[in-house]
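A look at the structure
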Amino acid sequence: MTEMVYGGASIMAGEPVLPRWWRTIDRWTLCCVLILFGIGLLLGLAASPPLAARNDLPAFYYVQRQIFFGSLALCAMVGVSMLRPETVRRVGVLGFIAVFLSVMLLPVLGTDFGKGATRWYSLGFASVQPSEFLKPFFVIITAWLMAASSEINAPPGKAISLSLLVVVVGFLVMQPDFGQSALVLLSWGVIYFVAGAPILLLGAVVGVVVLSGAVAYQASQHFARRIDGFLSADIDPRTQIGYATNAIQEGGFFGVGVGEGQVKWSLPDAHTDFIIAVAAEEYGLVLVLVIIALFAIIAVRSLIRLMAERDIFTRLAGTGLVVVFGAQAMINMGVAVRLLPAKGMTLPFVSYGGSSLIAGGILVGMLLALTRNRPQGRMGDILSQGRVGGGQVL
Amino acid sequence: MTRTPLRPLARILSARVKGENPDVIEVENLHQRHETMRDRARQGSEGRLVVLVGCFVVAFGLIGARMGLMAATEPMEPTSAAMGAQILAQRADIVDRNGRVLATNLVTSALYAQPHLMIDKPRAARSLAMIFPDLKEDWLLRQFSEGRKFVWLKRKLSPEQMQQVHDIGDPGLLFGPREMRLYPNGTLAAHVLGGAGFGREGVRSAEVIGTAGVEKYFDAFLRDPAQAGAPLELSIDLTVQAVAQEVLAGGMQMMNARAATAVLMDVASGEVISMISLPDFDPNTRPAPPTSGDPGDSPLFNRAVQGVYELGSIFKIFTMGQAIDIGLVTPKTVVNTQSPMVWGKYKIRDYKNYGRELSIEDVIVKSSNVGTARVALDIGAERQQAFLKELGLFEPTPVELVEARGARPIVPRKWPDLTTMTVSYGHGLSASPLHLAAAYSTMVNGGTKVAPTLLRQKGPVIGTRVISPETSAMVRGMMRQVVVRGTASFAEVVGYPVGGKTGTADKPDPRGGYFKDRVIATFASAFPIDAPRYVLVVTLDEPVNMLLSEPHRTAGWTAVPVAAEITRRVAPLLGLRPQLDLGPDNGLTLARN
């Protein structure tokens, strides 16, 4: 724009980026995520030295990696949270295409690390699990399709997203990764639910999911064994669940003390899938409740903020992201307390794992971007319009 | 609800009149309609989002509650690993037929060290070396200082040794309770019992497992807790075993034999009353199996069961018994005994020429190879094989010893007429003394098959019929004549009529052929011969009787006197009444009550 007044001080139009970010961001959620990451580091200090010792690495090797990836994740989170919803949508859709391609190539280029499921790309210094990145991007594209379908003379977005869901779940089941596919199914279902699905249809979808679960139980030994282990009444103390249960019981209310826990020596996945057992054993129920409360605060606060959201895409995408984030935490902890069958699912921000951390950072960054305070056409918004800076069209 | 049309005609027309673009009106109305739709959708979603919030709160609450519940329960001891590894240390006793203990358990202690708990390692090593001469001080010290956390030092301790180790006073020297197997009778019935050793060893107990003999054969039975400690009852009679072993050991020494074995069997039930193999060993300190030399020379070798030998003329009884049973001959039938008998390029000789012909009974009494061979030719190879097989001479004995399974008789693969003839007088077919005892029992007990057993039986065990009772009686008569006027004249025992048959077999030379001056001398006898109760087989390995002017090796001079002495001393112990014909004027008055 041409300077209209000669020699006049240059004044930025509108509010500077950082203060506006700080003012509009959900600071509670941000705080909770940072605390969760801190707890993750604290538990990593306890849970990962046995693994490092098994692999002949320095004791805090995995903690250092956790700090490195965590910093990357936090940077990604802050960066993504500054984006506008439209940008989030574009990045999400493009990201989905890229990640989905890499998921499709997994059977060819991926590795299973001897764990019975091909889920990883080995990059030498680290490995990437593309399905972790798939979840947030899938939520974005689903929300976009559904939001678009609500326009007048709109394309059939819901049908398209349903077919996309089938394809994505199909590829995840092929790996096989039933935990992630359950999560994808759940997030799609919730987005559809919030987008105004007929209740009858939702019931039918639930029925289909149960049926396909039964089919998977019959067809896949990997799946059947875990379900059987869950359904059997008594716990075999030599299974992971058995150790986790014992650890939670040993911990009691205040834990056995920092560094005194035993479960990390016997559980191979103590630093990832069963990190909550380590927390329960060393710090007791207190820390476990704190962790649960942090996840609950993030989920509930985000949902409440989304209730006031006028824009359909923002609301649907935000809801889907909350569901992916919250449900992953619930599944992880639900497995440890035997409410759910055993599944390889990390606890976001707490468990060790580069892919999980960075994907979590992107996910929460998107969520923060979508839950920022925006004028929603309410009376208060209109009255404070001047303070916000009328030049901005949101 | 009223809907504004996207292109209201009134506004369009007025806009056209004013020259404005009517499309703007459509866009504006479209925007308005979107706004309303959005607000309606938001209101609808709000309710659904509240439901979602409720779901999240309930789910997280459920997980928290479950965590709290689990944290409040007491942890259980992890049990599964420890329970499976529990060691059952109880092992049942073994007793003889009269309930006398042959094997039992004794509580003892094992000694182990935990070097990281030790205070003065050099002193402990020095003191231990003084208590146990077999432990070397420098070895102990090395064990203690190698950084190990656990060292076994001694498997069994005597109470005195335990007290001495206590007196060292080192907290790193610890005791583990043990049960050890004890054989209070020492070498008696050593080969029958076998021995036991430690299996899995833990600090708190160790498993005692059988290593040989009945201990191994009945290992599962002896360790079965369901038996509630009921002892294993053997058919062995400890007293008879002791007497027979003493006599046999003396006889072996007197006859300069390398080894000796004796089997005493109940003819009705097949129970082995006594089984001796010399040289023997003490099962309490069972020696390790030899790593070099012939395992047959080891004291561990049970000659009565494992030793398969060509037993010689003993077999003539089987040939003649079969010939009588199938009606070929009677004891009075006369056969050609011209020696040597020529068969192709082979010649069959007798010990000395017994003349042109002998009766069947005399063939047995004088032990003529030629006469037996001629009768065997008449029987034929097939019938001979079938009969020997029926007597159990082709298969390992079914006796309850692990060693018995491997002791398969050596049977000729081809069976031409020459083999028929040699086998008829006990050459070319090797069997164990136990085989022989069982076969003789069958021949003399009335003709029913006897299977040897080491377990106490409740009464006679009647097997399948092999020969008729009449044949059995004729066989007994011939056996008696062998003692009365034949090769086994030294077998006569006052009061107990004995019948039997001798056998002297040249030992096969491992380099081929037979030794000239090394024999296996065997005497198989039954007593009392008129109604036999027991069969006794005595076998001496390389005996030489030097008591007379010239050395005698034949069974009549070696095995027979030893067997007679065993019979003389054992028969009263077995409860047999002597049959004394003292005549009317013997100066004794029969006491009756």
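Residues numbered from 1 in each chain as written. Chains lettered and ligands numbered in written order. Predicted model: local features only at pLDDT ≥ 70, side-chain atom pairs only at ≥ 80, totals over all residues. Heavy atoms only, no water.

**What about the interface of chain B and chain A?**
Contacts between the two partners involve 35 residues from chain B, matched on the other side by 49 residues from chain A. Across the chain B to chain A interface the summed buried area is about 3600 Å²; carbon plus sulfur atoms make up 76%. Counting the surface chain B buries against chain A, the share from its top three residues, Arg48(B), Phe60(B) and Met67(B), is 21%. There are two salt bridges connecting chain B and chain A. Across the pair Arg38(B) and Asp311(A) runs a salt bridge whose closest N-O atoms are separated by 3.7 Å. Summed over the shared surface of chain B and chain A, the result is six residue pairs in polar contact (both at pLDDT 80 or more). (Contact = heavy atoms within 4.5 Å. Buried area = accessible area lost by both parts, 1.4 Å probe. Salt bridge = Lys/Arg side-chain N within 4 Å of Asp/Glu carboxyl O. Polar contact = N/O pair within 3.5 Å; in protein donor to acceptor, adjacent residues only side chain to side chain.)

**Remarks on unusual backbone geometry**
Residue and element names in this part refer to chain B. Residues Leu 278 and Pro 279 are joined by a peptide bond in cis, for which omega reads 0°. Tracing the backbone shows Pro 279 in the loop between strand E9 (272-278) and helix H11 (303-306). The omega torsion of the bond from Phe 527 to Pro 528 falls at -20°, within 30 degrees of zero and hence cis. Relative to the assigned elements, Pro 528 resides in the loop between strand E17 (514-527) and strand E18 (534-541). (Helix = DSSP H or I, 4+ residues; strand = E, 2+ residues; numbered from the N terminus.)

**Structural notes on the sheet that holds strand E8 (residues 259-266) of chain B**
All names here are of chain B. Read from one edge of the open sheet, five strands run E9-E8-E18-E17-E16, paired in antiparallel fashion. Strands with a single pairing partner mark the edges of an open sheet, and in this sheet they are E9 and strand E16 (499-508). Going from strand to strand, the sheet's axes swing by 10° on average, the running direction of each strand aside. Pairing geometry for E17 and E18, over eight bridges, is antiparallel. Counterpart to Ser 525 in the pairing with E18 is Leu 536. Docked against the sheet, helix H20 (residues 559-573) engages E8, E16, E17 and E18, running at close to 140° with respect to E18. (Pairing = 2+ DSSP bridges. Axes fitted to C-alpha atoms, helices over the stretch in contact; angles between N-to-C directions.)

**Observations concerning a nonpolar patch on the surface**
Taken together, the side chains of Phe253(A), Phe254(A), Val286(A) and Val290(A) present a nonpolar region at the surface, about 400 Å² in accessible area. Judged by its relative accessible area of 36%, Val290(A) is partly exposed. (Patch = residues over 30% accessible without salt bridge, like charges linked within 9 Å, V, L, I, M, F, W, Y side chains within 5 Å. Areas by Shrake-Rupley, 256 points an atom, 1.4 Å probe, with all protein chains shown as cover. Buried < 20%, exposed > 50% of the residue type's maximum accessible area, 1.4 Å probe, protein only.)

**Section: the confidence of the model for chain B**
Residues and elements named next belong to chain B. Averaged over chain B, the pLDDT score is 85; the fraction of residues at 70 or greater is 94%. Confidence drops under a pLDDT of 50 for residues 78-87, and excluding neighbours within four residues, the segment shows 10 contacts in the predicted structure. Both scores are available for the predicted complex, with the pTM at 0.53 and the ipTM at 0.86. (pLDDT = per-residue confidence, 0-100.)

**Description of the packing of helix H4 (residues 121-131) of chain B against helix H5 (residues 137-145) of chain B**
All names here are of chain B. Contact geometry for H4 and H5: axes closest at 8 Å, N-to-C directions at 140°. Classified by the angle between their axes, H4 and H5 sit oblique to one another. The element H4 and its partner H5 pack so that their crossing is right-handed. For the pair formed by H4 and H5, the contact residues are Lys 121, Pro 122, Ala 124, Ala 125, Arg 126, Leu 128 and Ala 129 on the first element and Glu 137, Leu 140, Leu 141 and Phe 144 on the second. Considering only residue class, the contact of H4 with H5 consists of eight nonpolar, no polar and three charged. (Parallel < 35°, antiparallel > 145°, perpendicular 65-115°, else oblique. Left-handed = near helix turned anticlockwise from the far one by under 90°. Nonpolar A, V, L, I, M, F, W, Y, C, P; charged D, E, K, R; others polar.)

**With respect to the pairing of E16(B)**
Residue and element names in this part refer to chain B. With respect to burial, E16 is a largely interior element, seven of its 10 residues being buried. In the sheet, E16 pairs with E17 via nine bridges, with the strands oriented antiparallel. Directly across from Ala 505, in E17, lies its bridge partner Ile 520.

**Here we look at the pairing of strand E2 (residues 101-113) of chain B**
Residue and element names in this part refer to chain B. For E2, a buried count of 10 out of 13 residues is recorded, marking the element as mostly surrounded by other parts of the structure. Examined bridge by bridge, strand E1 (residues 94-95) and E2 share two bridges and lie antiparallel to one another. Within the sheet, the bridge partner assigned to Ile 94 lies in E2 and is Ala 103. In this structure, the hairpin formed by E1 and E2 is closed by a connection of five residues, where Gly 99 is found at a positive phi of approximately 85°. Bridge count for E2 against strand E4 (residues 173-182) is 10 bridges, and the pairing is antiparallel. Each residue of the ladder has a partner; that of Asn 105, found in E4, is Arg 181. Where E2 lies against strand E3 (residues 151-157), four bridges are found, and the strand directions are antiparallel. In the sheet register, Tyr 112 faces E3, and the bridge partner there is Trp 152.

**Description of the side chain of Thr567(B)**
All names here are of chain B. Residue position: Thr 567 is located in helix H20. Judged by relative accessible area, which is 2%, Thr 567 ranks as buried. Excluding residues that lie within four positions of it along the chain, Thr 567 makes contacts with Val 493, Val 498, Phe 527, Leu 536 and Pro 572.

**Remarks on the pattern of salt bridges**
Residue and element names in this part refer to chain B. Under the defined criterion, the tally for this structure stands at 30 salt bridges over all chains. Residue Glu 395 pairs with Arg 408 through a salt bridge whose shortest N-O separation is 3.4 Å. Placement of the pair is Glu 395 in the loop between helix H15 (381-390) and helix H16 (402-406) and Arg 408 in the loop between H16 and helix H17 (417-424), with a sequence separation of 13 residues. Owing to a relative accessible area of 38%, Glu 395 belongs among the partly exposed residues under this scheme. Ionic pairing is found between Lys 507 and Glu 542, a salt bridge with its closest N-O pair at 2.8 Å. Of this pair, Lys 507 sits in strand E16 while Glu 542 sits in the loop between E18 and H20; the two residues are 35 residues apart in sequence, bridging distant segments of the chain. Relative accessible area serves as the criterion here: at 13%, Lys 507 is assigned to the buried category. Three or more residues are tied together by salt bridges with common partners; here these are Arg 258, Asp 297, Arg 303, Lys 507, Asp 541 and Glu 542.

**Observations concerning the confidence of the model for chain A**
For chain A, per-residue confidence averages 82 on the pLDDT scale, and residues scoring 70 or more make up 87% of the total. Confidence over residues 386-394 of chain A falls short of pLDDT 50; this stretch has six contacts with residues more than four positions distant or in other chains.

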